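Results of the structural survey
This is what each chain is made of:
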Amino acid sequence: MLKRESADTRTACHPWLHTSAALFLAVCISALVAGCTSQPSDGGSTAGSADSAAVEQESNPTAESVAADLYRDAIADPASHFENKGVEDELVQSGEYTYALAEVENLDVPVLLLCLHGDMERWGGIDAVSVHYVNSNGALADYSDTLMRGVATSASYRGEIYASVHGNGLILNETVSGSGETRISRLEFDGRGWASRQILHSELANGEACTAPIESEQRELTWSAVSDSGVLDSLETGEWAGNVDPSAPGAVSAAEQAGLQVYAGTVRVLDTDEVCTLQGVSNPSPGYTEAEAYVLLVFDEPTNVDAVSGDGTGRKSGQAAMIRLAMDDEAWNVYDKQPVTVAVDPDNIWWPSDASLPAGEPRAQAFLLLGK
């Protein structure tokens, strides 16, 4: 929250003023005021009020006004905000700059994104993006890492940055050619700092089925040239539209509308022995290690799961204590012991037909961690 000094200028009464003198002074002031109000209006009073309002606004700037001023300074010298950000100095000085705004949860004002891009031959179709915000001291601060967006000329990478219709951070959507892997992360501000966390896991090229809720949540950013401060002017006057829409369907509703299964539980990242202890079973394959770490969604109570039968006989519904979400994927370690809600592609969750861990529990090949 931005802290602003009070502009209260109320005047205290002088202690040495005698009662009679005070009374006489009050009468004189009343007469003077009455005389002034009886004069024909020449607009001076209105102008004075307007001037007073302007002075008051200047001494009590809004959070949006403070942000607009800081962001104007930033777009006036965008190159300085890419120093020591892993971009070659020559490219920083020769590149072109644009900017965009996005509302992000836990921040009073939108964040500023500066985008640095250059010619296709030198840059290969990829832009560098820095993220800036107004901290609790009313100063400009930035996210330490540099983001990427664009389509590589080699077609090996495609990435884009989106705002969230719920204000739930920034959405980073990346696709790596060849493997067809889609990576979706959420860059969030928790009130103290930033964290980028993966929210999509897919072992199959067709795991994009899980992206439907994100596609309904993400909003394209509007990029403007740094020579045009019009967007910041609209931010200052309260006319900037923003990306948050309170009427937009929540993540769970969007997932269900897309035909995905939704499950809530606690993430556990466990090794083989810990999984066996959790299930109260012996290692079904002693001497053999299928994975160093199992990422599990453990239910609070047995939950009915409809999944594909591992023996190829169709689908089967049954009670499950957990779902295996992934194996040996360090991206999910940050969620260990945290309650989460996930959306699962019903065509990519199945009951096992072998003795792998966790014993007898369904496995998901594609899932999405749901936000709000």
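Quick note: structure is the one above.
Let us look at the structure shown here.

Calculation notes
Residues numbered from 1 in each chain as written. Predicted model: local features only at pLDDT ≥ 70, side-chain atom pairs only at ≥ 80, totals over all residues. Heavy atoms only, no water. Helix = DSSP H or I, 4+ residues; strand = E, 2+ residues; numbered from the N terminus. Contact = heavy atoms within 4.5 Å. Areas by Shrake-Rupley, 256 points an atom, 1.4 Å probe, with all protein chains shown as cover. Salt bridge = Lys/Arg side-chain N within 4 Å of Asp/Glu carboxyl O. Phe/Tyr/Trp six-rings, centres within 6.5 Å; stacked < 30°, edge-to-face > 60°. Buried < 20%, exposed > 50% of the residue type's maximum accessible area, 1.4 Å probe, protein only. Lys NZ or Arg CZ within 6 Å of the ring centre and 35° of its normal. Core = buried A, V, L, I, M, F, W, Y, C linked by side-chain atoms within 4.5 Å. Pairing = 2+ DSSP bridges. Arc of directions from axis to C-beta.

The subject of this paragraph is the overall build of the protein. When helices and strands are counted, the protein shows 9 helices and 19 strands. For the protein, the proportion of contacts with a sequence separation of at least 24, taken over those separated by at least 6, is 65%. Put simply, the protein shows about 20,000 Å² of open surface, and 50% of that area lies on carbon and sulfur atoms.

Attention now moves to the pattern of salt bridges. Working definition: two side chains of opposite charge can pair if their charged atoms are close together. Applying the stated criterion across every chain, the model contains 12 salt bridges. Note that Glu 236 is salt-bridged to Arg 72, the shortest N-O span being 2.6 Å. Taken together, the residues Glu 236 in helix H7 (residues 230–237) and Arg 72 in helix H3 (residues 63–76) connect sequence positions 164 residues apart. Within this structure, Asp 69, Arg 72, Asp 233 and Glu 236 form a network of salt bridges that share partners.

Moving on, we come to the packing of aromatic side chains. This model, assessed by the stated rule, comprises 8 aromatic pairs. A centroid spacing of 5.6 Å and a plane angle of 70 degrees characterise the contact between Tyr 133 and Trp 194, whose relative ring orientation is edge-to-face. Remark: Trp 194 occurs in strand E9 (residues 194–198) and Tyr 133 occurs in strand E3 (residues 126–134); sequence separation between them is 61 residues. The pair Tyr 133 / Trp 194 is uniform in exposure class, with both members buried. A centroid spacing of 5.4 Å and a plane angle of 35 degrees characterise the contact between Trp 332 and Tyr 335, whose relative ring orientation is tilted. Residue Trp 332 shares its accessibility class with Tyr 335, and that shared class is buried. Within the aromatic cluster, the residues linked to one another by ring pairs are Tyr 133, Tyr 143, Phe 189 and Trp 194. The ring of Tyr 335 has Arg 197 sitting right over it, with the charged end atom 5.6 Å from the ring centre. Between Lys 316 and the ring centre of Trp 351, over which it is positioned, the NZ or CZ distance is 4.9 Å.

Attention now moves to the nonpolar core. When a protein is soluble and globular, its nonpolar side chains tend to lie buried together. Of all hydrophobic cores here, the largest spans 36 residues; its most connected members are Tyr 263, Val 305, Val 342 and Leu 368. Contributing elements (two or more residues each) for this core: helix H8 (251–257), strand E13 (261–270), strand E14 (294–309), strand E15 (315–327), strand E16 (339–344), strand E17 (349–351) and strand E19 (366–369). Excluding anything up to four places from it in sequence, Val 305 contacts Tyr 263, Phe 299, Lys 316, Ser 317, Gly 318, Ala 320, Ile 349, Trp 351 and Pro 362. Leu 91, Tyr 97, Ala 128 and Val 134 belong to the second largest nonpolar core, which has 22 residues in total.

Regular strands show a simple pattern: their side chains alternate between the two faces of the sheet. In this sheet, E9 lies alongside strand E8 (residues 181–189) in antiparallel orientation, the contact comprising 5 bridges. By the bridge assignment, Phe 189 is partnered in E9 with Trp 194.

Moving on, we get to helix H9 (residues 272–279). Every buried residue of H9 is accounted for by Thr 272, Val 275 and Cys 276. One side of H9 carries all its buried residues, which in axial view fall inside an arc of 100 degrees. Opposite the buried face of H9, at more than 90 degrees from it, the exposed residues are Asp 273 and Thr 277. Contacts made by the buried residues of H9 are with E13 and E14. Positive phi appears at Gly 280, one or two residues downstream of H9, with a value of about 70 degrees.

Let's shift gears to unusual backbone geometry. A cis amide bond, omega -10 degrees, links Leu 357 with the succeeding residue Pro 358. Positive phi values are uncommon outside glycine, yet Asn 84 reaches one of about 60 degrees. Looking at the element boundaries, Asn 84 is found in the loop between H3 and helix H4 (89–94). Positive phi outside glycine occurs at Asp 328, with the angle close to 50 degrees. Residue classification places Asp 328 among the partly exposed residues on the basis of a relative accessible area of 44%.

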